[in-house]
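Spelled out, the chains give:
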Amino acid sequence: MSSTVRKQILAAVLLVGTSFSNSLAAQPKAPPGDMALIVKLYKDFAWQALGTTQDVFGKSLQLQDDVVLRQYFDPTLSALIVQDRKCVSRRAEVCNMDFDPLFGSQDATVTDFTIQRESAGRIAVAFTSPSSGEKAKLLFHMKQSGTAWRINDVVYQDLRGASLRKLLATKLPGNGQR
């Protein structure tokens, strides 16, 4: 190989390497792990704000298998969500959760959507309901297990501080089963 060809190859490699490193520098900084999980959760399941067509988007968050839920929620909260879903199937009526847990309402239409890290393990999701103009805020309480973050609870500030964990753990009247 001639020295001219070697110089051209070296120049091309240096040019590509420089372009690659410049493109890496231009990438936005990734959010911290606790916030990254909430960003992923909304990326994966906030489609419900666009419509309820399962054949286009897939199953809603509440209908996901335990394996999927455990990617986001701690084992206890994941089990409570599954338990509530089974209760709905068994009783053919609403059990403990009669709203979308990502939006704290039955109407998942939102505007002015933001995700902010309030502190380590506390992620706030805020938005406005376009139909009423009311502002809503959800506070995700996160727990770290090893290097992985999981949702331990969700507090709905516009629902008088209701806790998803407490709501799902409530025994129903009658036979006491959820």
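Residues numbered from 1 in each chain as written. Predicted model: local features only at pLDDT ≥ 70, side-chain atom pairs only at ≥ 80, totals over all residues. Heavy atoms only, no water.

Novice: I would appreciate a short explanation of helix α2 (residues 33–45) in the present structure.
Specialist: The periodicity of an α-helix, 3.6 residues per turn, causes residues three or four positions apart to be oriented the same way. Compared with the 18 Å implied by 1.5 Å per residue over 13 residues, the 18 Å span of α2 between its first and last C-alpha is a close match. When we look at burial in α2, the residues that qualify are Asp34, Met35, Leu37, Ile38, Leu41, Tyr42 and Phe45. Within α2, the buried residues cover an arc of 155 degrees as seen down the axis, which keeps them to one side. On its buried side, α2 packs onto α4 (66–69), β1 (111–119), β2 (122–128), β3 (135–145) and β4 (148–156). (Helix = DSSP H or I, 4+ residues; strand = E, 2+ residues; numbered from the N terminus. Expected span 1.5 Å × (residues − 1). Buried < 20%, exposed > 50% of the residue type's maximum accessible area, 1.4 Å probe, protein only. Arc of directions from axis to C-beta. Contact = heavy atoms within 4.5 Å.)

Novice: Sorry, what's going on with the sheet that holds β4 here?
Specialist: Strand pairing in a sheet is mediated by backbone hydrogen bonds. Such pairs are either parallel or antiparallel. The sheet built from five strands is open, its strands ordered β1-β2-β3-β4-β5 with antiparallel pairing. Both outer strands of the open sheet, β1 and β5 (162–163), are each paired with one neighbouring strand and no more. Relative to β3, β2 runs antiparallel, the two being bridged by seven bridges. Within β3, the residue paired with Ala126 across the bridge is Lys137. Against the sheet, α2 touches β1, β2, β3 and β4, its axis set at about 155 degrees to β1. (Pairing = 2+ DSSP bridges. Axes fitted to C-alpha atoms, helices over the stretch in contact; angles between N-to-C directions.)

Novice: Hey, could you run me through the nonpolar core in this one?
Specialist: The tendency in soluble globular proteins is for nonpolar side chains to be buried side by side. One finds Ile38, Leu41, Tyr42, Phe140 and Ile151 to be the most contacted residues of the largest nonpolar core, which totals 35 residues. Contributions of two or more residues to this core are made by α2, α5 (75–91), β2, β3, β4 and α6 (164–169). (Core = buried A, V, L, I, M, F, W, Y, C linked by side-chain atoms within 4.5 Å.)

Novice: I'm lost on the environment of Asp65 in this one. Help?
Specialist: Counting through the fold element by element, Asp65 comes out in the loop between α3 (54–57) and α4. Of the residues examined, Asp65 reaches a relative accessible area of 45% and is grouped as partly exposed. Taking the C-alpha atoms as reference, Asp65 lies 7.6 Å from Val82; in sequence the two are 17 residues apart. When residues no more than four places from it in sequence are discounted, the contact partners of Asp65 are Lys59 and Arg85.

Novice: Got a minute to help me understand α5 in this structure?
Specialist: In a regular helix each residue adds 1.5 Å, so 17 residues correspond to 24 Å; α5 covers 24 Å between its end C-alpha atoms and thus fits that length. Of all the positions in α5, only Leu77, Ser78, Leu80, Ile81, Val82, Asp84 and Cys87 are classed as buried. Directly after α5, the chain includes Ala92, whose backbone phi takes a positive value near 60 degrees.

Novice: Hey, could you run me through the pattern of salt bridges in this one?
Specialist: For side chains bearing opposite charge, pairing can occur when the charged atoms are close. Taken as a whole, this structure holds seven salt bridges when the rule is applied. Note that Asp65 and Lys59 form a salt bridge whose closest N and O atoms lie 3.7 Å from each other. Across the salt bridge formed by Arg70 and Asp66, the nearest N and O atoms sit 2.7 Å from each other. Judged by relative accessible area, which is 38%, Arg70 ranks as partly exposed. (Salt bridge = Lys/Arg side-chain N within 4 Å of Asp/Glu carboxyl O.)

Novice: Is there a simple way to think about the pairing of β4 in this case?
Specialist: Two faces make up the sheet, and in a regular strand the side chains alternate between them. For β4, a buried count of seven out of nine residues is recorded, marking the element as mostly surrounded by other parts of the structure. With eight bridges connecting them, β3 and β4 associate as antiparallel partners. Looking across to β4, one finds that Phe140 is bridged to Val154. Counted along the chain from β3 to the antiparallel partner β4, the turn is two residues long, and its residue Gly146 has a positive phi close to 70 degrees. In this structure, the hairpin formed by β4 and β5 is closed by a connection of five residues, where Arg160 is found at a positive phi of approximately 55 degrees.

Novice: Hey, could you run me through the packing of aromatic side chains in this one?
Specialist: Between two aromatic rings, the relevant description is the distance of the centres plus the angle of the planes. All told, the structure shown has six aromatic pairs when counted by the stated rule. Between Phe45 and Tyr72 the ring centres are 5.8 Å apart and the planes differ by 80 degrees, which places this aromatic pair in the edge-to-face class. Of the two residues, Phe45 sits in helix α2 while Tyr72 sits in the loop between α4 and α5, which places them 27 residues apart along the sequence. Like Tyr72, Phe45 is buried. Considering the side-chain rings of Phe103 and Phe127, the 5.7 Å spacing of their centres and the 70 degrees angle between planes classify their relative orientation as edge-to-face. In this pair, Phe103 sits in the loop between α5 and β1 while Phe127 sits in strand β2, placing the two residues 24 residues apart along the sequence. (Phe/Tyr/Trp six-rings, centres within 6.5 Å; stacked < 30°, edge-to-face > 60°.)

Read these as layout, nothing more, since geometry by itself doesn't imply function.
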